Amino acid sequence: MSRIAYFGPRGTFTEQAARALAPGEELIPVETVRQALTTVREGGADAACVPIENSVEGVVPATLDALSESTALVAVAEAILPIHFSVLTRHGGGEIRTVASHPHALAQVREWLEANLPGAHPVASSSTSAAAVGVLDGEFDAAVCAPVAAEHYDLEVLATEVADVGDAATRFLLVRPPGELPEPTGADRTSVVAAAVNRTGTLAELLTALADRGINLTRLDARPTRSNFGEYRFFIDFEGHVAEPRILDALTALRRHCRNLRFLGSHPRADGIRSTVEAGAGNDDFVEAAVWADAVRKGELA
Ligand SMILES: O=C(O)C(=O)C[C@]1(C(=O)O)C=C[C@@H](O)C=C1
């Protein structure tokens, strides 16, 4: 049985994602995203489940930062969960003066809180279920949680299906130390983090390396390197799998334009959306062109 560290404590959306991505495996809740990755890096777990991006609030910065530090980990699978919250309080609890949750969660229920708990002061907690623990401990009066939190903690459910944006969703990754990659499926995602050289046009060069090969981007985020003010790392997700000649060709081009390029994995997309392949940019086109160039080099073609 594999051990999967996940962003906890018990009752987070991330736990739900871990159950979907690693059914039947041993799940180990830890307090932060960074701790989940550190547990894997130090051999305390075989893989980690962490949130990466939300359709309303965008990327989870803690995950990007933790993925780019220390030793490399690669994503081998992803899950996308619909996000609607439950609001939990203590049984027989009185006035609700504080309502706690993860900042991403609070941002997704701002309008609901204004309309339904206008007097309550929002407080950030490390995760949605950490807020539930805080309510149990008397630290806060209400928590905005994943529905599953109500199964773990003896709290009263004040409201369910809470969400300002009805079809909000979060994407989660299962990451583990580098090893055998998942097989390509035709509907895959590849991720890298690029530390580009700080000079005019480097980001344009990276994007052009992908565009020239007809590769569609699915996400682009920048995070500060934390060492030199104004210097950034670029997190780039794009369609395709490194086992495909066109993607491998793009990766080697990216490598030439970067001070440092970290490969963060190639894995099947949870939404099953197949890669768009432009005319002349298919894997066969790359293979055929390489065969042709090889023949030219050997003097077999004029
Ligand atoms: O706190 C949780 O329950 C999480 O799994 C984290 C997280 C996030 O980081 O976005 C996941 C989904 C929701 O959007 C709110 C919080």
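Bear in mind that the values here come from a model prediction, so they are computed numbers and not experimental data.

Rules used in this analysis
- Residues numbered from 1 in each chain as written.
- Predicted model: local features only at pLDDT ≥ 70, side-chain atom pairs only at ≥ 80, totals over all residues.
- Heavy atoms only, no water.
- Near = heavy atom within 4 Å.
- Polar contact = N/O pair within 3.5 Å; in protein donor to acceptor, adjacent residues only side chain to side chain.
- 1 Å grid on protein atoms, 1.4 Å probe; cavity = no way out; pocket = protein on both sides within 12 Å on 5 of 7 lines; lining within 4 Å.
- Sits in = over half its atoms within 2 Å of the grid points.
- Helix = DSSP H or I, 4+ residues; strand = E, 2+ residues; numbered from the N terminus.
- Nonpolar A, V, L, I, M, F, W, Y, C, P; charged D, E, K, R; others polar.
- Domains from an automatic or database assignment.
- Buried < 20%, exposed > 50% of the residue type's maximum accessible area, 1.4 Å probe, protein only.
- Contact = heavy atoms within 4.5 Å.
- UniProt positions renumbered as here; feature names shortened; annotations may be inferred.
- Buried area = accessible area lost by both parts, 1.4 Å probe.
- Salt bridge = Lys/Arg side-chain N within 4 Å of Asp/Glu carboxyl O.
- Disulfide = S-S within 2.5 Å.
- Core = buried A, V, L, I, M, F, W, Y, C linked by side-chain atoms within 4.5 Å.
- Patch = residues over 30% accessible without salt bridge, like charges linked within 9 Å, V, L, I, M, F, W, Y side chains within 5 Å.
- Areas by Shrake-Rupley, 256 points an atom, 1.4 Å probe, with all protein chains shown as cover.

**Regarding the site of the ligand**
Here comes step 1: The environment of the ligand is made up of 14 residues, and the closest members are Phe13, Thr14, Gln108, Thr128 and Thr170.
Here comes step 2: Phe13 places a main-chain nitrogen or oxygen 3.0 Å from an oxygen atom of the ligand.
Here comes step 3: One of the side-chain N or O atoms of Gln108 is found 2.9 Å from an oxygen atom in the ligand.
Here comes step 4: Put simply, the ligand lies in the largest cavity.
Here comes step 5: Those elements that place two or more of their residues in the shell around the ligand are α1 (13-21), β3 (47-54) and α4 (103-108).
Here comes step 6: A class-by-class count of the residues in the shell around the ligand yields five nonpolar, nine polar and no charged.
Here comes step 7: Inspection of the shell around the ligand shows a minimum of three residues originating in each of domain 1 (1-82 + 168-178) and domain 2 (84-162).

**Quick notes on helix α6 (residues 128-136)**
In an α-helix, one full turn covers 3.6 residues, which means residues spaced three or four apart are oriented alike.
Here comes step 1: α6 sits mainly inside the fold: seven of its nine residues count as buried.
Here comes step 2: Buried residues of α6: Thr128, Ser129, Ala130, Ala131, Ala132, Gly134 and Val135, and no others.
Here comes step 3: For α6, the secondary structure elements touched by its buried residues are α1, β6 (85-89), β7 (98-101), α4 and β9 (142-145).

**Focus: the UniProt feature "domain: Prephenate dehydratase" (unreviewed entry) in the protein**
Here comes step 1: Under the feature "domain: Prephenate dehydratase" (unreviewed entry), the UniProt entry names residues 3-177.
Here comes step 2: Structurally, residues 3-177 is divided into 30% helix and 35% strand, and its ends, taken at the C-alpha atoms, are 13 Å apart.

**Notes on the domain arrangement of the protein**
Here comes step 1: What the domain assignment lists for the protein is domain 1 (1-82 + 168-178), domain 2 (84-162) and domain 3 (180-302).
Here comes step 2: A C-alpha centroid distance of 23 Å is found between domain 1 and domain 2.
Here comes step 3: Facing 19 residues of domain 1, the contacting portion of domain 2 comprises 19 residues.
Here comes step 4: Roughly 1,400 Å² is buried in total at the junction of domain 1 and domain 2, and carbon and sulfur atoms are behind 60% of that figure.
Here comes step 5: Looking at the side of domain 1 facing domain 2, the largest losses of area belong to Arg10, Phe13 and Glu57, adding up to 36% of the total buried there.
Here comes step 6: Counting across the domain 1 and domain 2 interface gives zero salt bridges.
Here comes step 7: For the pair domain 1 and domain 2, the number of links is nine residue pairs in polar contact (both at pLDDT 80 or more).
Here comes step 8: Counting residues per element, the ones that place at least two in the side of domain 1 that touches domain 2 are α1 and β4 (58-59).
Here comes step 9: The dominant element in the side of domain 1 that touches domain 2, judged by the number of residues it contributes, is α1, at three residues.
Here comes step 10: Split by residue class, the side of domain 1 that touches domain 2 holds nine nonpolar, six polar and four charged.

**A few points about the state of the cysteines**
Note on terminology: disulfide describes a covalent bond linking the sulfur atoms of two cysteines.
Here comes step 1: Applying the stated criterion to the full structure yields zero disulfides.
Here comes step 2: The thiol sulfur of Cys145 is not disulfide-bonded, and the nearest other cysteine sulfur, from Cys49, lies at 18 Å.

**Considering the nonpolar core**
Here comes step 1: One finds Cys49, Phe85, Trp112 and Leu174 to be the most contacted residues of the largest nonpolar core, which totals 36 residues.
Here comes step 2: Listed in part, the 22 residues of the second largest apolar core include Val30, Ile52, Ala75 and Leu264.

**Digging into a nonpolar patch on the surface**
Here comes step 1: On the surface, Trp292, Val296 and Leu301 cluster together to form a nonpolar patch covering roughly 290 Å² of accessible area.
Here comes step 2: Positionally, Trp292 belongs in helix α10 (residues 283-297).

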